[in-house]
Amino acid sequence: MATLKQRMAELIPGMRDEIRSLLKEHGDKVVSEVSLTQAYGGMRGVKAMVCDTSEVPPDRGLLVRDIPIGELTDRLPEEIFYLLCVGKLPTAEDLEDLKADYRKRAEVPGYVWDVLKAMPADSHPMAMFDTCILVMQRESEFVKAYNSGVKKTEYWESTLEDSLNLLAKLPAIAAGVYRIRFNKGDLIDPDPNLDWGGNYVHMLGIDDPTGDFKALMRLYLTLHCDHEGGNVSAHATHCIGSALSDAYYAVSGGLNGLAGPLHGLANQECLSWVLETMEKFGGKPTDEQLTQFAWDTLNSGKVIPGYGHAVLRVTDPRFTAFREFGLKHCPDDPTFATVSKVYDIVPGVLKEHGKAKNPWPNVDAGSGSLLYNYGLKEFPYYTVLFAVSRAMGMCSQLLVSRAWGEAIERPKSLTTPKFKVLLGV
Ligand code: HAX
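Residues numbered from 1 in each chain as written. Predicted model: local features only at pLDDT ≥ 70, side-chain atom pairs only at ≥ 80, totals over all residues. Heavy atoms only, no water.

In the nomenclature of an unreviewed UniProt entry, the chain is known as citrate synthase (unknown stereospecificity) of candidate division LCP-89 bacterium B3_LCP. Entered under Pathway (unreviewed entry) in the UniProt record, the comment concerning the chain runs "Carbohydrate metabolism; tricarboxylic acid cycle; isocitrate from oxaloacetate: step 1/2." Annotation of the chain in UniProt includes, under Sequence similarities (unreviewed entry), the sentence "Belongs to the citrate synthase family." (UniProt positions renumbered as here; feature names shortened; annotations may be inferred.)

Listed below in structure tokens is the structure:
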């Protein structure tokens, strides 16, 4: 941790100065206007938040600290967390340091397993995962620091401690959720020689003789790391954190938002939609069959999971990265082949349907078929993988906000009659 903390300590004073002088000189300037449609429409497009870790230009997709995600696909998730926090990729030495630090912090408190085992057998894996994070809140270093009266300018240091303690444990917790929820037998100890993503596969206990599943997991954890500040889970984490709730409260809360079907749960829904088509048509459907199935879904008032996006207006580069992985490693797998066919057909159907502003696939459209191919077949579990990764974005956003001392969130709401008065109607 020495180097990550050191690099952040070097960076933070300059960042604070920059923000302070920007606010001093330009604080009164208008950056966004809000229409009534936006107020009732999920605040879509309102520029009223700050996120310095990543950005999603609608025509390019995710940039992590200005680097397109497509250029980061061969990086380890550990490198991505460092990049999110510091704005630069780590040197080989910095990376080794962070990996060693994760190893030291990886042990999960025994009471977490007791809580997991006490949960009802049909609990959703996301509810189990989020509960584990929440139950560890008592470990918070931030709470101890806050209660002992540390200065506001130092809040980020104990937030970094909480973030690292939390992230280091997530693969073991997530794997534990899998093994307990799906009756896979005893928990598996981590392998100290493996990295964060590789260890996750090892602890899931799914055979990986070629190492390809570990490669997929590293890619998965890298691709889902962050997606700017306004999506439901990032915004929820940010909002909770702005009350100076610690990282355990904030990340657990944000992940509850990720568990919604319009957000991270879409990856489980997506695979089930693909499998449904295959079951209905006895394998990979024809173009006509799939077109009809897509229309039937839309006509029954449902969305086609994995397609559309609140911000993106092109094919998600994260979908493209998964697709390239699939084309390289399992082009003939029937589920992957069906996902490819869906990609050929569904954008045309959505365009003709005329509602979705973005007819193209998002990150969730293809990942499930790859997990399925490697033997991770329990798709209600898929959002947990997303959550392990997204916790990196949540923690880094929390750290950066705390480092420059962001204010508690408190936008103004109005009643419908008050809006009418405001508009003179
Ligand atoms: N299928 C059918 N209709 C769709 C659609 C889809 N895939 N995507 C959008 N629409 C519809 C919307 O439901 C909306 O209809 P109404 O006017 O009747 O409400 C209309 O098109 C306009 O929506 P939009 O402005 O294009 O999209 P939003 O910003 O409102 O919503 C969503 C973005 C991602 C929620 C939406 O595209 C959707 O529901 N997609 C399917 C679910 C999904 O894949 N979610 C995962 C997104 C990525 C993510 O966050 N992962 O975590």
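On we go from here.
S.K.: When you look at the overall build of the chain in this model, what are you seeing that I'm missing?
M.R.: Tallying secondary structure elements over the chain gives 19 helices and three strands in all. Taking 425 residues into account, the globule formula puts the C-alpha radius of gyration at 22 Å, and the chain, at 22 Å, falls close to it. With respect to the three principal axes, the spread of C-alpha positions in the chain is 65 × 65 × 40 Å. For the chain, buried positions account for 51% of its 425 residues. In the chain, the share of contacts with a sequence separation of at least 24, taken over all contacts with a separation of at least 6, comes to 74%. For the chain, the distance from the average position of its 45 positive side-chain charges to the average position of its 55 negative side-chain charges is 5 Å. (Helix = DSSP H or I, 4+ residues; strand = E, 2+ residues; numbered from the N terminus. Rg over C-alpha atoms; globule rule 2.2 N^0.38 Å. Buried < 20%, exposed > 50% of the residue type's maximum accessible area, 1.4 Å probe, protein only. Contact = heavy atoms within 4.5 Å. Lys, Arg positive; Asp, Glu negative; His and termini not counted. Charge placed at Lys NZ, Arg CZ, Asp CG, Glu CD.)

S.K.: What's the story with the pattern of salt bridges in this structure? I'm lost.
M.R.: Following the criterion strictly, the structure yields 16 salt bridges and no others. Here Lys5 makes a salt bridge to Glu157, at a shortest N to O gap of 3.4 Å. Of this pair, Lys5 sits in helix H1 (residues 2-26) while Glu157 is found in helix H8 (residues 155-181), placing the two residues 152 residues apart along the sequence. Look at Glu157 and you get partly exposed, because its relative accessible area is 29%. In this structure, Lys151 engages Glu154 in a salt bridge whose closest nitrogen and oxygen atoms are separated by 3.8 Å. Since its relative accessible area comes to 53%, Lys151 is described here as exposed. Under the relative-accessibility criterion, Glu154 is labelled partly exposed at 30%. Each of Arg7, Glu10 and Asp94 takes part in a single network of salt bridges with overlapping partners. (Salt bridge = Lys/Arg side-chain N within 4 Å of Asp/Glu carboxyl O.)

S.K.: Is there a simple way to think about a nonpolar patch on the surface in this case?
M.R.: Taken together, Leu36, Tyr40, Leu414, Leu422, Leu423 and Val425 make up a surface patch of nonpolar side chains, about 620 Å² in accessible area. Put simply, the parts of the chain that give the nonpolar patch at least two residues each are helix H2 (36-40) and helix H19 (416-423). The residue Leu423 is located in helix H19 in this model. A residue is classified by how much of its surface remains accessible, and Leu423, at 47% relative accessible area, is partly exposed. (Patch = residues over 30% accessible without salt bridge, like charges linked within 9 Å, V, L, I, M, F, W, Y side chains within 5 Å. Areas by Shrake-Rupley, 256 points an atom, 1.4 Å probe, with all protein chains shown as cover.)

S.K.: What is the right way to look at the nonpolar core in this model?
M.R.: The nonpolar side chains of a soluble globular protein tend to be buried, and buried together. Counting 109 residues, the largest nonpolar core has Leu4, Phe81, Phe129, Tyr200, Leu204, Leu376 and Tyr381 as its most contacted members. In terms of residue count, the dominant contributor to this core is H8 (14 residues). Every residue in contact with Leu4, bar those within four places of it in the chain, is listed here: Phe81, Tyr82, Cys85, Val86, Leu98, Leu160 and Leu164. (Core = buried A, V, L, I, M, F, W, Y, C linked by side-chain atoms within 4.5 Å.)

S.K.: Can you walk me through the packing of aromatic side chains in this structure?
M.R.: Note on aromatic pairs: each is described by the distance of the centres and the angle between the planes. Counted under the stated rule, the structure contains 15 aromatic pairs. Taken together, a centroid distance of 5.9 Å and an interplanar angle of 50° make the contact between Tyr40 and Phe419 tilted. Taken together, the residues Tyr40 in helix H2 and Phe419 in helix H19 connect sequence positions 379 residues apart. Tyr40 sits in the exposed class, given a relative accessible area of 51%. (Phe/Tyr/Trp six-rings, centres within 6.5 Å; stacked < 30°, edge-to-face > 60°.)

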